[in-house]
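In case you want the letters, here they are:
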Amino acid sequence: MKTLWRDRTPGLLGRKYACAVLCPFVEKEDGLHLLFEVRATSLRRQGGEVCFPGGRMEPGETAEICALRETEEELGIPPAHIQLLGRSDYLSQAGKFSLEPVVGLVEAAGLAAMRPSAAEVESVFTVPLDFFRTQPPKIYTYTLEPNVPADFPYDEVGVSADYRWETGKAEVPIWHWEGHVVWGLTGRIVKNLVETME
């Protein structure tokens, strides 16, 4: 029992799976930009949405390895041309999965080698970091409310039927850039990146 707890790496309680994305910075003449992709419209989940390259971690993978693998699969950028800088704060989505952003700088040779996968990526574009710094997003907030089953055994657990269940709120930041919309989890990651860099 002692070795079980000593050698165990804690995880997020209730998490079904873990994902990682690369937050790819690129250097241009006017300064740092963030590189985004638009998911292919043929994809079943989030087709046509703006995102960072990434996906589900495979067994034994770190967030860094997953982010580099997914970036190569989706954009064709070799890991050797990406300088990893560290990790940003991670997200938990409704207790189902965690999303771990990895921050990296894509070298010029990586951009030159980029060949997006037509099966996964509709297009790519960059946005100057200064745009996100100077243009606050429009933020929408929605409430997370419990949906308690009618047969919940209040008596058995020793509370009344008017028990005050925990609620929460979720933010949805939205930016518009040249016909693209950066929003949702990607928007939350960008907002956090900008706030961290201030």
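Just above, that's the structure.
Conventions used here
- Residues numbered from 1 in each chain as written.
- Predicted model: local features only at pLDDT ≥ 70, side-chain atom pairs only at ≥ 80, totals over all residues.
- Heavy atoms only, no water.
- Helix = DSSP H or I, 4+ residues; strand = E, 2+ residues; numbered from the N terminus.
- Buried < 20%, exposed > 50% of the residue type's maximum accessible area, 1.4 Å probe, protein only.
- Pairing = 2+ DSSP bridges.
- Axes fitted to C-alpha atoms, helices over the stretch in contact; angles between N-to-C directions.
- Contact = heavy atoms within 4.5 Å.
- Polar contact = N/O pair within 3.5 Å; in protein donor to acceptor, adjacent residues only side chain to side chain.
- Core = buried A, V, L, I, M, F, W, Y, C linked by side-chain atoms within 4.5 Å.
- Salt bridge = Lys/Arg side-chain N within 4 Å of Asp/Glu carboxyl O.
- Disulfide = S-S within 2.5 Å.

1. Description of the environment of Pro-59
Here comes step 1: The topology assignment puts Pro-59 in the loop between β4 (54-56) and α2 (63-75).
Here comes step 2: Residue Pro-59 is classed as exposed on the basis of its relative accessible area of 84%.
Here comes step 3: In sequence terms Pro-59 and Tyr-17 are 42 residues apart; their C-alpha atoms lie 9.9 Å from each other.

2. A word on the pairing of strand β11 (residues 180-183)
A regular strand places its side chains so that they alternate between the two faces of the sheet.
Here comes step 1: Here four bridges tie strand β10 (residues 168-177) to β11, and the two strands are oriented antiparallel to one another. Bridge pairing in β11 places Trp-175 opposite Val-182.
Here comes step 2: Taking the residues that link successive antiparallel strands as the turn, the β10-β11 hairpin has two residues, and the phi of Glu-178 there is positive, at about 45°.

3. Description of the sheet that holds strand β9 (residues 138-144)
Here comes step 1: With antiparallel pairing, the three strands of this open sheet are ordered in space as β9-β10-β11. Whereas interior strands pair on both sides, the edge strands pair on one side only; in this sheet they are β9 and β11. In this sheet, neighbouring strand axes are inclined to one another by 25° on average, regardless of whether the strands run parallel or antiparallel.
Here comes step 2: The pairing of β9 with β10 spans seven bridges and is antiparallel. Following the sheet pairing, Thr-143 is matched in β10 by Lys-169.
Here comes step 3: Seen against the sheet, helix α6 (residues 184-197) touches β9, β10 and β11 and runs at an angle of roughly 85° to β10.

4. A closer look at the side chain of His-33
Here comes step 1: By secondary structure assignment, the location of His-33 is in strand β2 (residues 31-39).
Here comes step 2: A polar side-chain atom of His-33 sits 2.8 Å from a polar atom in the side chain of Asp-30.
Here comes step 3: In this structure the side chain of His-33 is engaged in a polar contact, spanning 3.0 Å, whose partner is the side chain of Thr-126.
Here comes step 4: Excluding its chain neighbours within four sequence positions, the residues that come into contact with His-33 are Pro-24, Phe-25, Val-26, Lys-28, Thr-126, Val-127, Pro-128 and Leu-129.

5. Observations regarding the nonpolar core
Most often, soluble globular proteins have nonpolar side chains that are buried together.
Here comes step 1: One finds Leu-34, Phe-36, Phe-52, Phe-132, Ile-189 and Val-190 to be the most contacted residues of the largest nonpolar core, which totals 26 residues.
Here comes step 2: Where this core is concerned, the elements lending two or more residues are β1 (17-28), β2, β7 (97-106), β8 (121-128), α4 (129-134), β10 and α6.
Here comes step 3: Residues Ala-18, Ala-63, Cys-66 and Ala-67 belong to the second largest nonpolar core, which totals 17 residues.

6. Looking at the pattern of salt bridges
Here comes step 1: For the structure on display, the rule yields 11 salt bridges.
Here comes step 2: The salt bridge partner of Glu-58 is Arg-69, with a shortest N-O separation of 3.7 Å. Remark: Arg-69 occurs in helix α2 and Glu-58 occurs in the loop between β4 and α2; sequence separation between them is 11 residues.
Here comes step 3: Judged by relative accessible area, which is 42%, Glu-58 ranks as partly exposed.
Here comes step 4: For Glu-171, the salt bridge is made with Lys-191, and the minimal N-O distance between the two is 3.7 Å.

7. Considering the state of the cysteines
Here comes step 1: Counting across every chain of the model gives zero disulfides.
Here comes step 2: Between Cys-51, a cysteine without a disulfide, and Cys-23, which holds the nearest cysteine sulfur, the sulfur-to-sulfur distance is 11 Å.
Here comes step 3: For Cys-51, a relative accessible area of 11% puts it in the buried group.
Here comes step 4: For Cys-66, which is in no disulfide, the shortest distance to another cysteine sulfur is to Cys-19 and amounts to 7.2 Å.

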